[in-house]
Amino acid sequence: GARTSRRTVPEMLRALREAGVDSLPGTSAEILDDSVRSRLAAARLSSQEWRDVIEAAHAEGLPTTSTMMYGHIETPLHIASHLHQLREVQAKAVARGGPGRLTEFVPLSFVSAEAPMFRLQLLPGCRAGPSGIEVLLTHAVARIMLDGIVDNIQASWVKEGPRMAQVLLHAGVNDLGGTLINESISTSAGSKHGQRLTPEELRSIVCGAGRMPAQRSTTYQVLNRFAESPRAELANEAWEEAGKGMATQKAWRDGDTRFGSYHSLVKSPQWRFKAEMVARRKRDGSASIGHGRVLQTREVTTASFAMVEAGIASQPQKTVTYSPSFTVVPTFECFNSCAYCNFRARRGEPRAAWMSSDKIRSILESLRKSRAAVDEILVLGGEVHPRSGRRSAWFALIKEVCDIAQELGFLPHTNVGPLTRQEMESLSASNASMGLMLEQVSRRVYESRKGPYLRGAPSKEPGLRLAQLNLAGELRIPFTTGVLVGIGETEAELEQSIDAIAESHLRYSHIQECIVQPYRPGSRDTWAPSTRFNLEELPAVVALARSRLPRDVVVQVPPNLVAECPDVLRACLEAGARDLGGVSPRDEVNPDYAFPIVDDLADRLHEWGF
């Protein structure tokens, strides 16, 4: 909110308080250790930024909660450090005085069932959540370490279930949170709890543990105390005075009808997009279409039209777009070593030399004076390691290319590998859009001994690249991404990659197009896959992508990579592809494959009815 409204965090918090906000959740703490956060949630605040926001809220007189998500890749030392940092935050708040402080600490078990980082194996070493003993010990240690400084330890019955929550009342826990009605976050991640607990059920859990139930406010003022027996409490004077009565109890018992059910919602086929796509393919007789099968053009065309139905493929004019572009590569030097790469140059090779800013300006000024029909400047580049002392100079050069291009009236589009939040924010000011190929989310492909990444490609790590997609969404940067097909993936893995792109876009609405790019061997690559990708399979992959991606994400096919097979390009268009990408004088990534002449391409598309 502060970033969007161009305010400082204290200014934003002050405005929220003046608007009526009285307290804030201390969520997204995850684990307050950046070595964990960079792998777990790279696009989120750093540990210090989280502390700064919480401490700023306390300074403004706003109490906050505090949380910790555990049971994934952290160690006991990380948990101890997290708790120690909360002690430090609270000590500052107490020394300052006033209402701004941590009201409670809530340990949150990692729920793995539907979490992409576990389900899709995006995070090496990620566990399936904590064991029961870990849950017990974590709450008990939290009580010991926070004793006398954070008074309240809350058990999340949504994560742990009512029975474990009851046990935790004997391990330092003194709060069970709220009734919640329909909790969606844990439910979406696969938790079997979280639908709703009635006040009576919560009090029964407390009484069953031999404790006295009490209703509290957000800031832990006790509002009502209840009888020890859950049956007797219905007659309790405070309960009656609160106006809850039997009618309200009945409403709670009939809650699924009264309040709806998130559990029912997520199970309903009406809202299950992926299940609906599978069912649609079966209804249309297109279940046989998939990666790894050679299909006839007519079969692909018929099936894909059925899948996209009233989508892009049925638009009256069947318009296919492209972008007149020119590529600038400030340097081909790259610390990655992908076996399939035809782009990279090793440091010290002539092609690895960095282009001077004068040379860049001269190229772009000449392009502008030539009156070439070019709108887009594709800024590509090899990657300098994020921890290299040369990284800042490398980034300054990339930024300068974009600034010069923008100054001369071009639209820069940068794709130079994974970037930090600060680098992304800096480039967003001078880029019309940005991009990064997801390639594949499969860790099996990434770690395969016979795969394209074996020689060492740290920045091709699937979790890192997926985090970059989400970071672009958080920063509201229009983004291009895509899948690289034919590098050893299975059909299921290809579907997971496409679904990951769809999920990122459904969350942020920022992905403009998804490139379906076939692997094509080049004169510089050193990879020798056991089987070559058959271009005749590409239309089926396009149909798959079109059926699984949101309608406003355009499917793109690079025309130069299928130029030798015109029927394949036509079948890809019939299958739902509607963009041909940036057409430049030279494809720097695939230099062995020249772009077709635009006029010739246009004539051919007209012949096909596009």
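In this text the structure is predicted, and so the values were computed from the model without any measurement.

(A) Quick peek at the pairing of strand E5 (residues 321-328). Relative to strand E12 (residues 579-583), E5 is paired through 3 bridges, and the arrangement is parallel. The partner of Pro-324 across the bridge, within E12, is Val-583. As defined by bridge partners, E5 adjoins strand E6 (residues 376-380) across 4 bridges and the pair is classed as parallel. Bridge pairing links Phe-326 to Ile-377 in E6. On the question of chirality, the crossover connecting E5 to the parallel E6 by way of helix H16 (residues 357-369) is right-handed.

(B) Structural context of the state of the cysteines. If you walk through the whole model with that rule in mind, you get 0 disulfides. Cys-334 forms no disulfide, and the closest cysteine sulfur to it belongs to Cys-341, at a distance of 6.7 Å. On the accessibility criterion, Cys-334 (12% relative accessible area) is buried.

(C) View of helix H18 (residues 421-428). The complete set of buried residues in H18 reads Arg-421, Glu-423, Met-424 and Leu-427. Each buried residue of H18 lies within a common arc of 165 degrees when the element is viewed along its axis, so the set occupies one face.

(D) Fine view of the pattern of salt bridges. Applying the stated criterion across every chain yields a total of 23 salt bridges. The closest approach of N and O atoms between Arg-443 and Glu-447, which form a salt bridge, is 2.9 Å. Remark: Glu-447 and Arg-443 occur in helix H19 (residues 443-447); sequence separation between them is 4 residues, near one turn of the helix. By relative accessible area, Arg-443 is classed as buried at 9%. By sharing partners, the salt bridges in this structure join Arg-51, Glu-55, Glu-88 and Lys-92 into a single network.

(E) Quick peek at helix H21 (residues 491-508). Taking 1.5 Å of rise per residue, 18 residues should cover 26 Å, and H21 covers 26 Å from first to last C-alpha, within 8% of that figure. Listed as buried for H21 are Glu-493, Leu-494, Glu-495, Ser-497, Ile-498, Asp-499, Ala-500, Ile-501, Ala-502, Ser-504, His-505 and Tyr-508. Two residues or fewer after H21 comes Ser-509, characterised by a positive phi angle close to 55 degrees.

(F) Broad picture of a negative patch on the surface. A cluster of acidic residues, Asp-599, Asp-600, Asp-603 and Glu-607, forms a negative patch on the protein surface. With respect to the element layout, Asp-600 can be found in helix H24 (residues 598-607). In this structure Asp-600 comes out as partly exposed when scored by relative accessible area, which is 47%.

(G) Focus on the nonpolar core. By size, the foremost hydrophobic cluster in this structure holds 70 residues, and its most contacted members are Leu-364, Ile-377, Met-424, Val-516, Leu-549 and Leu-573. Ignoring sequence-local partners within four residues, the contact set of Ile-377 consists of Phe-326, Val-328, Leu-364, Leu-367, Ala-405, Phe-410, Leu-411, Pro-412 and His-413.

(H) Layout of the confidence of the model for the protein. For the protein, per-residue confidence averages 84 on the pLDDT scale, and residues scoring 70 or more make up 83% of the total. Segment residues 231-248: pLDDT under 50, and 27 contacts once partners within four positions in sequence are set aside and those in other chains are kept. Overall, residues 284-316 carries pLDDT values under 50, and its contacts beyond four positions in sequence, including any with other chains, amount to 63 contacts.

(I) Looking closely at the packing of aromatic side chains. One pass over the structure, following the stated rule, counts 2 aromatic pairs. Centre to centre, the rings of Phe-332 and Phe-343 are 4.8 Å apart; their planes meet at 50 degrees, and the pair counts as tilted. With a gap of 11 residues between them, Phe-332 in the loop between E5 and H16 and Phe-343 in the loop between E5 and H16 connect regions that are remote in the sequence. The exposure classification of Phe-332 matches that of Phe-343, with both residues buried. Taking 5.1 Å as the distance between ring centres and 65 degrees as the angle between the ring planes, the aromatic pair formed by Tyr-519 and Trp-527 counts as edge-to-face. There is no split in this pair, since Tyr-519 and Trp-527 are both buried. The ring of Tyr-220 has Arg-216 lying over it, and the distance from NZ or CZ to the ring centre is 4.0 Å.

(J) Looking closely at the packing of helix H6 (residues 132-145) against helix H7 (residues 157-168). Interaxial distance between H6 and H7 falls to 11 Å at its minimum, and their mutual angle equals 45 degrees. The angle between H6 and H7 falls in the class oblique. Crossing hand, H6 versus H7: right-handed. From H6, Gly-132, Val-135, Leu-136 and His-139 reach across to H7, where they touch Glu-160, Met-164, Val-167 and Leu-168.

Calculation notes
- Residues numbered from 1 in each chain as written.
- Predicted model: local features only at pLDDT ≥ 70, side-chain atom pairs only at ≥ 80, totals over all residues.
- Heavy atoms only, no water.
- Pairing = 2+ DSSP bridges.
- Helix = DSSP H or I, 4+ residues; strand = E, 2+ residues; numbered from the N terminus.
- Right-handed = clockwise from strand over helix to strand, strands pointing away.
- Disulfide = S-S within 2.5 Å.
- Buried < 20%, exposed > 50% of the residue type's maximum accessible area, 1.4 Å probe, protein only.
- Arc of directions from axis to C-beta.
- Salt bridge = Lys/Arg side-chain N within 4 Å of Asp/Glu carboxyl O.
- Expected span 1.5 Å × (residues − 1).
- Patch = residues over 30% accessible without salt bridge, like charges linked within 9 Å, V, L, I, M, F, W, Y side chains within 5 Å.
- Areas by Shrake-Rupley, 256 points an atom, 1.4 Å probe, with all protein chains shown as cover.
- Lys, Arg positive; Asp, Glu negative; His and termini not counted.
- Charge placed at Lys NZ, Arg CZ, Asp CG, Glu CD.
- Core = buried A, V, L, I, M, F, W, Y, C linked by side-chain atoms within 4.5 Å.
- Contact = heavy atoms within 4.5 Å.
- pLDDT = per-residue confidence, 0-100.
- Phe/Tyr/Trp six-rings, centres within 6.5 Å; stacked < 30°, edge-to-face > 60°.
- Lys NZ or Arg CZ within 6 Å of the ring centre and 35° of its normal.
- Axes fitted to C-alpha atoms, helices over the stretch in contact; angles between N-to-C directions.
- Parallel < 35°, antiparallel > 145°, perpendicular 65-115°, else oblique.
- Left-handed = near helix turned anticlockwise from the far one by under 90°.

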